[in-house]
Amino acid sequence: MRRGLARMLASTALTFMVLGGCDSVQENRFGVDPVLTPQQSGISTRLQAISAVDENVVWVSGLGGSFAHTTDGGETWTAGIVMDADSMQFRDVDAFDKDTAYLLSAGSGDRSRIYKTTDGGQHWVLQFTNDEPAGFFDCMAFWDSKNGVAFSDAVDGEFIIVRTSDGETWDRVPAERVPDALPGEGSFAASGTCLITYGDSTAWFGTGASDTARVFKTTNRGRTWSAYSTPIVSDSMSGITSLSFVDHNHGFAAGGNIGHPVEYSDNAAYTNDGGMTWDLAGRPTYPGAIYGTSSVPGTANPLLVAVGPAGADYSVDWGMTWQLLDTLDYWSVAFASPSAGWAVGPDGRIAKISF
């Protein structure tokens, strides 16, 4: 995400007043009873990404080189700052157990970096530093603890995509294996969910900042990619911020107009064919852009949660209709089970969500 988009993401979040709170059960018409409970992260800066390993082990990350993790479902959190990285913005985190996690720092040039810990955050190893001055890495995702992929906004009409197959070294995918970028096309480092993986070898990432918001897909662990158009609003400050899939075919894309935080827009779409074609879904109850989404595993019917600076919603019909969950400012959300989800936001905010 380019510098202007980064500033816009930060500034639009400040336009919302706190209208509601946590630790409550929302009235609903969907037959489920969500409960939000605030937790203490030990961090005062904005949290922007979550990786829920299971119902007990969860990692979060944010600005100022910050991260935190829990091994008891959020009853207690251990927070820290990566050494020599206190100016980094960790906008993505991917974890695999209480000891192993990766952090992605988003930023221009060499401020886009990937770190790894294998001892629960006591020490971090810098694995990758972007060497393209105009590059800006937005998201990363993994199929397992050693196989992962990360991507940057386009530079000179080409997306920068890097892969690891050993959990240690990262190599760039040849540009000819990725469709050319549209003029201005990039993504949004809002929640760590603009790139996601599924199964053993499939991944998708979403874009915007151009005339068309697109979804790129790989089925061979990032070796080659295809691109597909979506009906989500897209211009210099609009596009896709988040993706969520429940299987190889059924997925959800969300985002919107970050430059107009109090307006509604066509900011959600769904696919039934693995991302090749997309149809508009319904608009959430809250205005502005959706920053993060998560499908809830282990439910009989699809259950989806979407968050943004103006609040949080949930849907049981794959985004066609929505129910208000909260009115506080959130940037990312993730679930390990119906009873164990977390949403994060400014000032170190963490809320546990249980259905």
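Quick note: structure is the one above.
Trainee: Mind showing me how you'd approach the sheet that holds strand 5 (residues 66-70) here?
Mentor: Across the sheet, which stays open at both edges, the four strands sit in the order 3-4-5-6 with antiparallel pairing between neighbours. One side of each edge strand has no neighbouring strand; the edge strands of this open sheet are strand 3 (47-52) and strand 6 (78-81). Between one strand axis and the next, the sheet turns through 20° on average, direction left out of account. Of the pairings in the sheet, the one linking strand 5 to strand 6 comprises four bridges and is antiparallel in character. Looking across to strand 6, one finds that H69 is bridged to T78.

Trainee: Got a minute to help me understand the state of the cysteines in this structure?
Mentor: Cysteine pairs can be linked by a disulfide, which is a covalent bond between their two sulfur atoms. The tally for this structure, following the rule as stated, stands at one disulfide. Covalent S-S linkage joins C139 and C194, the inter-sulfur distance amounting to 2.1 Å. What sets the handedness of the C139 and C194 disulfide is the S-S torsion sign, and at about 120° it is right-handed. Within this pair, whereas C139 is found in strand 11 (residues 137-142), its partner C194 is found in the loop between strand 14 (171-172) and strand 15 (195-198), the two being separated by 55 residues in sequence. Like C139, the residue C194 is buried in the burial classification.

Trainee: So what exactly am I meant to see when it comes to the side chain of R46 here?
Mentor: Summarising the element assignment, R46 is placed in the loop between strand 2 (35-40) and strand 3. It is D329 that comes nearest to the buried, bridge-free R46 among opposite-charge side chains, at 7.6 Å. Within the structure, R46 has its side chain in polar contact with the side chain of Q48 (distance 3.2 Å).

Trainee: Which parts of the structure should I look at to understand the packing of aromatic side chains?
Mentor: We describe a pair of aromatic rings using the distance from one ring centre to the other and the angle between the two ring planes. Throughout the structure, instances matching the rule amount to 21 aromatic pairs. With centroids separated by 3.6 Å and ring planes inclined at 5°, the aromatic side chains of W204 and F245 adopt a geometry described as stacked. Taken together, the residues W204 in strand 16 (residues 202-206) and F245 in strand 19 (residues 238-245) connect sequence positions 41 residues apart. Overall, the relative accessible area of 0% leaves W204 in the buried class. Where F335 meets F355, the ring centres are 5.9 Å apart and the plane angle is 35°; that geometry is what we call tilted. With a gap of 20 residues between them, F335 in strand 27 (residues 332-337) and F355 in the segment after strand 29 (349-354) connect regions that are remote in the sequence. Over the ring of W331 we find R46, and its NZ or CZ is 4.0 Å from the ring centre. We note R349 situated over the ring of Y330; from NZ or CZ to the ring centre the distance is 5.9 Å.

Trainee: Before we go on, may I ask you to explain the environment of D235 in this structure?
Mentor: Locating D235 in the fold gives a position in the loop between strand 18 (226-229) and strand 19. In the structure, D235 is positioned 51 residues away from Y286 in sequence and 21 Å away in space, judged by C-alpha atoms.

Trainee: When you look at the nonpolar core in this model, what are you seeing that I'm missing?
Mentor: Soluble, globular proteins show a tendency: their nonpolar side chains are buried together. By size, the foremost hydrophobic cluster in this structure holds 17 residues, and its most contacted members are F151, F159, I161, V178, L195, F205 and W225. If you list the elements that add at least two residues to this core, you get strand 11, strand 12 (148-155), strand 13 (158-164) and strand 16. Looking at this core element by element, the count peaks at three residues for strand 12. By size, the runner-up hydrophobic cluster in this structure holds 15 residues, among which are A312, L328, A343 and A351.

Trainee: Mind showing me how you'd approach the sheet that holds strand 17 (residues 214-218) here?
Mentor: As a general point, the strands of a sheet are linked pairwise by backbone hydrogen bonds and lie either parallel or antiparallel. Spatially, 15-16-17-18 is the arrangement adopted by the four strands of the open sheet, whose pairing is antiparallel. Two strands bound the open sheet, and with one partner strand each, they are strand 15 and strand 18. Adjacent strand axes in the sheet meet at a mean angle of 20° when their direction is disregarded. In this sheet, strand 18 lies alongside strand 17 in antiparallel orientation, the contact comprising four bridges. Each bridged residue has a counterpart across the sheet, and for V215 the counterpart in strand 18 is Y228.

Cut-offs used in this document
- Residues numbered from 1 in each chain as written.
- Predicted model: local features only at pLDDT ≥ 70, side-chain atom pairs only at ≥ 80, totals over all residues.
- Heavy atoms only, no water.
- Pairing = 2+ DSSP bridges.
- Helix = DSSP H or I, 4+ residues; strand = E, 2+ residues; numbered from the N terminus.
- Axes fitted to C-alpha atoms, helices over the stretch in contact; angles between N-to-C directions.
- Disulfide = S-S within 2.5 Å.
- Buried < 20%, exposed > 50% of the residue type's maximum accessible area, 1.4 Å probe, protein only.
- Lys, Arg positive; Asp, Glu negative; His and termini not counted.
- Salt bridge = Lys/Arg side-chain N within 4 Å of Asp/Glu carboxyl O.
- Polar contact = N/O pair within 3.5 Å; in protein donor to acceptor, adjacent residues only side chain to side chain.
- Phe/Tyr/Trp six-rings, centres within 6.5 Å; stacked < 30°, edge-to-face > 60°.
- Lys NZ or Arg CZ within 6 Å of the ring centre and 35° of its normal.
- Core = buried A, V, L, I, M, F, W, Y, C linked by side-chain atoms within 4.5 Å.

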